[in-house]
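Fold and contact review
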Amino acid sequence: MMNILITGGAGFIGSHVVRLFVNKYPNYDIYNLDSLTYAGNLENLKDIENKPNYSFIKGDINDSEFVNSVFKKHKFDSVIHLAAESHVDRSIEDPLAFVKTNVIGTMVLLNAFKNTWKDDFDNKLFYHISTDEVYGSLGQTGLFIETTSYDPNSPYSASKASSDHFVRAYGETYGMPYVITNCSNNYGQNQFPEKLIPLFINNIINNKALPVYGDGNYTRDWLYVQDHAIAIDLVFHKGKNKETYNIGGFNEWKNIDLVKLLCRKMDVELGRKNGASEELITFVKDRPGHDLRYAIDASKIKNELGWMPSVTFEQGLEKTVKWYLSNEEWLNNVISGQYQSYYEKQYN
Ligand code: NAD
Ligand code: DAU
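Quick notes on the rules
Residues numbered from 1 in each chain as written. Chains lettered and ligands numbered in written order. Predicted model: local features only at pLDDT ≥ 70, side-chain atom pairs only at ≥ 80, totals over all residues. Heavy atoms only, no water. Near = heavy atom within 4 Å. Polar contact = N/O pair within 3.5 Å; in protein donor to acceptor, adjacent residues only side chain to side chain. Areas by Shrake-Rupley, 256 points an atom, 1.4 Å probe, with all protein chains shown as cover. Helix = DSSP H or I, 4+ residues; strand = E, 2+ residues; numbered from the N terminus. Nonpolar A, V, L, I, M, F, W, Y, C, P; charged D, E, K, R; others polar. Pairing = 2+ DSSP bridges. Axes fitted to C-alpha atoms, helices over the stretch in contact; angles between N-to-C directions. Domains from an automatic or database assignment. Patch = residues over 30% accessible without salt bridge, like charges linked within 9 Å, V, L, I, M, F, W, Y side chains within 5 Å. Salt bridge = Lys/Arg side-chain N within 4 Å of Asp/Glu carboxyl O. Buried < 20%, exposed > 50% of the residue type's maximum accessible area, 1.4 Å probe, protein only.

Quick look at the site of ligand 1 now. Residues in close proximity to ligand 1 total 29 residues, the closest being I13, D34, S86, Y156 and K160. The separation between an oxygen atom of ligand 1 and a polar main-chain atom of I13 is 2.8 Å. Residue D60 places a side-chain N or O atom 2.8 Å away from a nitrogen atom belonging to ligand 1. In isolation ligand 1 offers 830 Å² of accessible surface; the protein chains occlude 96% of this area. Broken down by secondary-structure element, the contributors of at least two residues to the shell around ligand 1 are α1 (12-24), β5 (125-131), α5 (155-174) and β7 (185-187). By residue number, the principal contributor to the shell around ligand 1 is β5, which donates three residues. Per-class residue counts for the shell around ligand 1 are 12 nonpolar, 14 polar and three charged.

Written as structure tokens, this is what we have:
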């Protein structure tokens, strides 16, 4: 038996991780702690919410009294920490919110975990989910490896880098067992439509402009979210203490090329004439401090743990587009904020 706390499980990646663990490990007790910010949505977990090994706890990781009381009650053996403010553009508008949740919130969890197990960390694990953005920006060539120096450029990536450092520091100072993974851009079902792919899918559906930042020649490495969840499962069970693993899709795309591919797919799915969606592309003012290129060398997790993405980008994008088109209600609820009423109805 294992008692696992997953933070941020009502969000995009977290919901896929919670589902995988709840379904795959009926002997584990999975607790999903989430404060349900605008990005958290319990509708993402409707299919597993009544499973006997799943519990939802509403709460804020910044609230140390609350977090300590939850640890005292449940004595979690392990933490998989995903809760975060995750959108770069929002971090530019409100950096402090990112320091609060991503740095202070992580510290609160680290303290609660350390204080629960400080006399015996045997078989315990703090798994911190991080991002490739901590490494900063690449030029036209090169790949991020696990030992690439940290060089964050946005308030979001600076806050994630800071939390990574604290996790390592707790490992060194208090002997707390940990692993960290740094992953590239995820895409797939249930992603909040503020991120590039779901935002553009939604705008194409509604014939709205597609705001491409700058000249669109920025490069990201895209990974299907369920492959990220599979990697997290593998690292959780087989990763080595105090190690970092980079996770990526071996799948680099310039934004403008990706947007054009998406437009072509949407034209087919919506029965529009070829080229109709591309006409919506609008080049807009660039994101301040916009990182030119991220690209992951995922050979460590591939060679040491045998992980590889299981779907091609073509397949993953196809699944994603079809999911958004058949879940317009989800999309509209998320945008209008009506998912809060689902929560109130469900949990009063
Ligand atoms: P998301 O924004 O979709 O979800 C974040 C979740 O955290 C939400 O459910 C939200 O309600 C919850 N949350 C936020 N603040 C909280 C708080 N103070 N207390 C409790 N819960 C809180 O994020 P995501 O895209 O699923 O990212 C999850 C994690 O993965 C983050 O740590 C992010 O940095 C990391 N990551 C994301 C990507 C990506 O492409 N999305 C890539 C690499 C790493
Ligand atoms: O690399 C991992 C990171 O990927 C995660 O840590 C972050 O949580 C996640 O949000 C994502 O960050 P990005 O900034 O790369 O993702 P986003 O979807 O916001 O943007 C992808 C690219 O598209 C980026 O170069 C900016 C550009 N873009 C984005 C938006 C929202 C546009 O051109 N127009 C837009 O409207």
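A word on the sheet that holds strand β6 (residues 178-183). A sheet is described by the order of its strands in space; here seven strands give the open sequence β3-β2-β1-β4-β5-β6-β10, paired in parallel fashion. Two strands close off the open sheet at either side, each with one partner strand: β3 (54-58) and β10 (243-247). Across this sheet, the average inter-strand angle for adjacent strands is 20°, counted without regard to direction. Judged from the four bridges that link them, strand β1 (residues 2-7) and strand β4 (residues 78-81) form a sheet pairing that is parallel.

Our next topic: the site of ligand 2. Near ligand 2, the surroundings consist of 25 residues, among which T131, D132, Y156, R287 and H290 are the closest. Between ligand 2 and the protein, one listed contact pairs an oxygen atom with a backbone N or O atom of L196 at 2.8 Å. In this structure, an oxygen atom belonging to ligand 2 sits 2.6 Å away from a side-chain N or O atom of R287. A total of 690 Å² of accessible area belongs to ligand 2 in isolation, and the protein chains cover 94% of it. Mapped onto the shell around ligand 2, the elements with two or more residues apiece are α3 (88-93), α6 (196-205) and β8 (210-213). Broken down by class, the residue content of the shell around ligand 2 amounts to 11 nonpolar, seven polar and seven charged. There are two domains that each give the shell around ligand 2 at least three residues, and those are domain 1 (2-187 + 221-247) and domain 2 (196-219 + 253-289 + 312-347).

As a further point, take a nonpolar patch on the surface. On the surface, L96, V99 and I104 cluster together into a nonpolar patch covering about 250 Å² of accessible area. The residue L96 is located in helix α4 (residues 95-117) in this model. Judged by relative accessible area, which is 53%, L96 ranks as exposed.

Nothing here speaks to function; it is geometry throughout.
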